[in-house]
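Understanding the architecture of this molecule
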Amino acid sequence: MIVILLGPPGVGKGTQGVILCERTGLRHLSTGDLLRRARREGTPLGKEAQGYMDRGELVPDSVIIGMVREALATASGPGVVFDGFPRTVAQAEALDQVLGELGRDVGRVMVLRADDEVLVKRLAGRRSCTECGAVFNVHFNPPAQENVCDRCASQLTHRADDNPETVRNRLEVYRELTEPLIAFYEDAGAPVRYIEGDQPVDDVQQALAAALDDDS
Ligand code: AP5
């Protein structure tokens, strides 16, 4: 099963993607996480991506498509949950081509939705562990000890691109370049499902599970 999680910054794609994959055995493939790892490791890819990410702009399609192709070449198991990919029509077309070569197609497009004020508050409150990747929120899911990861006791950080100005830009970029993918997939006859993202994490996960089971 190939699942695409589509939605604006802060809607919960990462949070839900991790849980969904733990539950189903699908592989979680987040292009944002791959880029942040490349930045931490100081690779040429990470250096190229840095400026775009800090400004809240998209990293060029050619870079992203190459990165996803490479990640898929080593993929095994029952399928993949894409988180933050595709983000442009060019990326969606490239994904169709790669899946075609593998004899697969998109099983579900899950569109997560929430109002901008909810997204802005979530991103302002997000704290992430750079060591193990766990994600917390000072408003909705605080760590037991301030700024310390519950899972591995490392220091938590506020993502550099979660500042108000960059968040505004990321939301604009989402509306302009990524939201049109909903029509792209609907026009292509792909199974698109809409999920209310502004509800408790477990309820969102339940809605995703129901949408996965719904073959209509
Ligand atoms: P990326 O890392 O993909 O960021 P994003 O899409 O902006 O999404 P976020 O990670 O901000 O939010 P999320 O939806 O995953 O929410 P989360 O679960 O963390 O991309 C970053 C940058 O990389 C891009 O700007 C771009 O530069 C580049 N990039 C990445 N992919 C690219 C691509 N394909 N093409 C080009 N460039 C690319 O939740 C957010 C917060 O809310 C957390 O604190 C969480 O605890 C909390 N929360 C989650 N769910 C709930 C809930 N139900 N109730 C209360 N709080 C909740």
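Each chain carries its own residue numbering, running from 1 in the written order of its sequence. It should be noted that, the model being predicted, local features are given only for residues of pLDDT at least 70 and side-chain atom pairs only at 80 or more, the latter also being counted only at that level, while totals for whole chains, interfaces and linings use all residues. Only heavy atoms go into the side-chain values, all of them from the structure, while hydrogens and water stay out.

1. Section: the packing of aromatic side chains
Threshold: For Phe, Tyr and Trp, where Trp contributes only its six-membered ring, two rings pair if their centres lie within 6.5 Å, and the inter-plane angle classes them as stacked under 30 degrees, edge-to-face over 60, or tilted in between. Burial status follows relative accessibility: with a 1.4 Å probe on protein chains alone, a residue under 20% of its type maximum counts as buried, one over 50% as exposed, and anything between as partly exposed.
Summed over all chains, the structure comprises 2 aromatic pairs. Judged by centre distance (5.5 Å) and plane angle (50°), the rings of Phe82 and Phe85 are tilted. Residue classification places Phe82 among the buried positions, given a relative accessible area of 0%. Take Phe85: its relative accessible area is 2%, and that puts it in the buried class. Between Phe184 and Tyr185 the ring centres are 5.1 Å apart and the planes differ by 90°, which places this aromatic pair in the edge-to-face class.

2. Some thoughts on the nonpolar core
The cut-off we apply is this: We define the nonpolar core as a collection of buried residues of types Ala, Val, Leu, Ile, Met, Phe, Trp, Tyr and Cys that are connected through side-chain atoms lying within 4.5 Å of one another. Think of it this way: any DSSP run of H or I at least four residues long counts as a helix, any run of E at least two long counts as a strand, and we number them from the N terminus. Contacts are residue-level and defined by heavy atoms, with any inter-residue pair within 4.5 Å sufficient.
Counting residues in hydrophobic clusters, the biggest one holds 30 residues, and the most contacted among them are Phe82, Val109 and Tyr185. Counting only elements with at least two residues in this core, the list comes to β1 (2-6), α3 (44-55), α4 (61-73), β3 (80-83), α5 (89-101), β4 (108-113) and α8 (180-187). With 6 residues, the single largest contributor to this core is α4. Ignoring sequence-local partners within four residues, the contact set of Phe82 consists of Ile2, Val3, Ile4, Leu5, Leu29, Val68, Leu72 and Leu95.

3. Considering the sheet that holds strand β5 (residues 126-129)
Strands belonging to one sheet form pairs held by backbone hydrogen bonds; the direction of such a pair is parallel or antiparallel. Where we set the bar: Two strands make a pair as long as DSSP finds a minimum of two bridges between them.
Judged by pairing direction, the sheet is antiparallel, and its 3 strands sit side by side in the order β6-β5-β7 without closing on themselves. Looking along the sheet, the strands with just one partner apiece sit at the ends: β6 (135-137) and β7 (156-157). As defined by bridge partners, β5 adjoins β7 across 2 bridges and the pair is classed as antiparallel. Within β7, the residue paired with Ser128 across the bridge is Thr157.

4. Quick notes on the packing of helix α2 (residues 31-41) against α4
Filter applied, for reference: The axes are straight lines fitted to the C-alpha atoms, using for helices just the contacting stretch, and the angles between their N-to-C directions are given from 0 to 180°. Should an angle fall under 35 degrees it is called roughly parallel, over 145 degrees roughly antiparallel, and 65 to 115 degrees roughly perpendicular, with every other angle called oblique. All amino acids are sorted into three groups, where Ala, Val, Leu, Ile, Met, Phe, Trp, Tyr, Cys and Pro are nonpolar, Asp, Glu, Lys and Arg are charged, and the leftover types, Gly among them, are polar.
Between α2 and α4, the least distance of the axes is 11 Å, while the angle of their chain directions is 100°. Of the possible angle classes, the one that applies to α2 and α4 is roughly perpendicular. Of α4, the residues touching α2 (which contributes Thr31, Leu34 and Leu35) are Ile64, Met67, Val68 and Ala71. Its residues assigned to classes, the contact of α2 with α4 comprises 6 nonpolar, 1 polar and no charged.

5. Considerations on the site of the ligand
Put simply, the rule reads: We call a residue near a molecule or strand whenever a single non-hydrogen atom of that residue lies within 4 Å of it. Polar contact is the term for a pair of N or O atoms within 3.5 Å; when the atoms are in protein, one must be able to donate a hydrogen and the other to accept it, and sequence-neighboring residues count only if both atoms are side-chain atoms. What sets the accessible areas is the Shrake-Rupley method with a 1.4 Å probe; for residues, cover comes only from the shown protein chains.
Thr15, Glu57, Arg87, Arg126 and Arg170 are the nearest of the 35 residues found near the ligand. In this structure, Thr31 approaches the ligand through a side-chain N or O atom, which is 2.8 Å from a nitrogen atom. Protein chains shield 95% of the accessible area of the ligand, which is 1000 Å² for the free molecule. For the shell around the ligand, the secondary-structure elements that each account for two or more residues are α1 (13-24), α2, α6 (116-125) and β6. It is α2 that contributes the most residues to the shell around the ligand, 4 residues altogether. The residue makeup of the shell around the ligand, split by class, is 15 nonpolar, 11 polar and 9 charged.

6. Re the packing of α1 against helix α9 (residues 201-213)
Angle between the axes and distance between the axes: these two values describe a pair of packed helices. Convention followed: Crossing handedness is read from the near helix: turned anticlockwise from the far helix by less than a right angle, it gives a left-handed crossing, and turned clockwise, a right-handed one.
Here α1 crosses α9 at 55°, and the two axes come no closer than 10 Å. Our classification of the angle between α1 and α9 gives oblique. Relative to α9, the crossing made by α1 is right-handed. Of the residues in α9, those in contact with Thr15, Gln16, Ile19, Leu20, Arg23 and Thr24 of α1 are Val201, Val204, Gln205, Leu208, Ala209 and Leu212. Classifying every residue of the contact of α1 with α9 gives 7 nonpolar, 4 polar and 1 charged.

7. Re the sheet that holds β3
Strand order in the open sheet made by the 5 strands is β2-β3-β1-β4-β8, with parallel pairing throughout. A strand with exactly one partner marks an edge of an open sheet, and here the two such strands are β2 (27-30) and β8 (192-196). Looking at each pair of strands side by side, their axes are set apart by 20° on average, direction ignored. The sheet contact formed by β4 and β8 spans 5 bridges and is parallel. When the sheet's bridge partners are listed, Val109 is paired in β8 with Val192. Of the strands in this sheet, β1, β4 and β8 are in contact with α8, which crosses β8 at around 140°.

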